Amino acid sequence: SIKDVFKVCFKTTTDSSIQWLQFRILHRILPVGYYLRKINIKSLDNCGFCEKNVETIVHVFTNCDKIHTLWTELSLHIYRKSAVNVEFNLSNIIFGELPLTCHNKAINYVILSMKQYLFSSLMLKKLPTLIGFLCHFKVKFNVEKYAAIQSFKLHNFEKEWDVLKNILE
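In short, a report on the structure.

Calculation rules
- Residues numbered from 1 in each chain as written.
- Predicted model: local features only at pLDDT ≥ 70, side-chain atom pairs only at ≥ 80, totals over all residues.
- Heavy atoms only, no water.
- Salt bridge = Lys/Arg side-chain N within 4 Å of Asp/Glu carboxyl O.
- Helix = DSSP H or I, 4+ residues; strand = E, 2+ residues; numbered from the N terminus.
- Buried < 20%, exposed > 50% of the residue type's maximum accessible area, 1.4 Å probe, protein only.

A side chain of one charge can pair with a side chain of the opposite charge when the charged atoms of the two come close. Applying the stated rule across the entire model yields two salt bridges. With its nearest N and O atoms 2.6 Å apart, the salt bridge here joins Asp 15 to Lys 140. With Asp 15 in the loop between α1 (2–12) and α2 (16–26) and Lys 140 in helix α8 (residues 130–150), this residue pair connects regions lying 125 residues apart in the sequence. For the residue pair Asp 15 and Lys 140, the accessibility class agrees, reading buried in each case. Where Arg 37 meets Asp 45, a salt bridge forms, and the shortest distance between an N and an O atom there is 3.4 Å. What makes Arg 37 partly exposed here is its relative accessible area of 42%. A residue is classified by how much of its surface remains accessible, and Asp 45, at 10% relative accessible area, is buried.

Next up, the structure:
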């Protein structure tokens, strides 16, 4: 249901920076070029990655040629490392992979982390790369694992991540 879309990030991670990013995406208040031009903060709304199209939320996270390629590379990387076939598309990138199952929780965490990496790259005016994302993801993953250890939930964490345990190797 549509209500589940708003719960995905909160059931996937306790990282408030990722939750806040997803909240702003879903409420269309993320400060991308289109929005900043609309509220008269910027005069131009070109994409910071491709510099051709209007920088909308959908464009930045899915439609930009440079970003679309990155999602494809990530999908191939996941398949090579874990034999799990993940197809990233507009729906699961923006809203999350539903229903929220153990398998989908891991996929959702990858998607949320990628969106955080993409938005950080956009703000830093740097072109994102797969290697850059994997480094970003490894740090985020280790923080989540440490939090699971601290809260005595390592068994649940390992069960949820079993499907994608090899992608960081």
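On to unusual backbone geometry, then. Note that the residue after Leu 98, namely Pro 99, is joined by a cis bond; omega there is -5°. Relative to the helices and strands, Pro 99 resides in the loop between α6 (90–94) and α7 (102–124). Positioned with a positive phi, Arg 28 is a non-glycine residue whose angle comes to about 55°. Looking at where Arg 28 falls in the secondary structure, it is placed in the loop between α2 and α3 (33–38). Residue Arg 28 is classed as exposed on the basis of its relative accessible area, which comes to 66%. Positive phi values are uncommon outside glycine, yet Glu 51 reaches one of about 60°. You can see Glu 51 is positioned in the loop between α3 and α4 (57–63). By relative accessible area, Glu 51 is classed as exposed at 59%.

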